[in-house]
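# Commentary on secondary and tertiary structure
Residue-level listing of the chains:
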Amino acid sequence: MLSVALVSFAALILLAACGNKQTAAPQTEIEETSVETNYFPAIDRYLVNEFGKQYAEGEHSVPIHSIVTVDERNGEDILVWGDFWVFNYNQVGDTLKCVSGGSHPGLMHIRQTEKGFDVTGFDQVEDGSGYLPSAQKIFGDKYDKFHMINSDAEARERLRAEGLAVYAKKNNLSVTMYQDEGWPAKKLPSVN
């Protein structure tokens, strides 16, 4: 928990510092490449590209994750245990309507490169009767923390709503609500 908090805090400091950095290049030039300062964009890309495309297609594929813990001791194999989700949405008016998605808990293996981070492998918890033994094997002594996160539907829904609000703002979507099939639409929270 402490390492995740420190990583999050460090990421916020880096983002704040990057936002205040002065550059000598003219503002009209846009760099084609940028260096990632944390591995969350790599996780998001992996979820969208590997899992989002396995579901019914939507206009927007939105990854969500609850990180259990992180081991950053080896830059060639950063270990990120988590409860990973991806949801596909279509925009209808001011509402993001969920068309598909699902859960992919497990262990991400991430490698640091010159330009950022890449997911090099994923140990996924099995479905069905293999769920419990594979989850216990993958999470080991972190299983209780994973189980607590994975079974907290209320916290997951809050995280999903916040993630959607951030995604909508980042992508300039004119949406205020999100909705699952057969359920009433819910208001997206405000984000700064």
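This section reports on the structure supplied with the text. (Residues numbered from 1 in each chain as written. Predicted model: local features only at pLDDT ≥ 70, side-chain atom pairs only at ≥ 80, totals over all residues. Heavy atoms only, no water.)

The geometry of helix α3 (residues 131-139) relative to helix α4 (residues 143-150) is characterised by a closest axis approach of 8 Å and an angle of 125° between their N-to-C directions. The angle between α3 and α4 falls in the class oblique. Residue-level contacts link Tyr131, Leu132, Ala135, Gln136 and Phe139 of α3 to Tyr143, Phe146 and Asn150 of α4. (Axes fitted to C-alpha atoms, helices over the stretch in contact; angles between N-to-C directions. Helix = DSSP H or I, 4+ residues; strand = E, 2+ residues; numbered from the N terminus. Parallel < 35°, antiparallel > 145°, perpendicular 65-115°, else oblique. Contact = heavy atoms within 4.5 Å.)

Under the definition given, this model contains seven salt bridges. Notably, a salt bridge pairs Asp118 with Arg111, separated by 3.7 Å at the nearest N-O pair. What makes Asp118 partly exposed here is its relative accessible area of 33%. One salt bridge connects Lys142 with Asp141, and the closest N-O pair in it is separated by 2.9 Å. (Salt bridge = Lys/Arg side-chain N within 4 Å of Asp/Glu carboxyl O. Buried < 20%, exposed > 50% of the residue type's maximum accessible area, 1.4 Å probe, protein only.)

Taken as a whole, α4 has its buried residues at Tyr143, Phe146 and Asn150. Down the axis of α4, the sector holding all buried residues measures 60°, keeping them to one side. Within α4, the exposed residues directed more than 90 degrees away from the buried face are Asp144 and Met148. Contacts made by the buried residues of α4 are with β1 (60-71), β2 (78-92), β3 (95-112), α3 and α5 (153-170). (Arc of directions from axis to C-beta.)

Right, let's talk about unusual backbone geometry for a bit. Of note, Asn172 is a non-glycine position whose phi angle comes to about 55°, a positive value. Positionally, Asn172 belongs in the loop between α5 and β5 (177-179). Look at Asn172 and you get exposed, because its relative accessible area is 72%.

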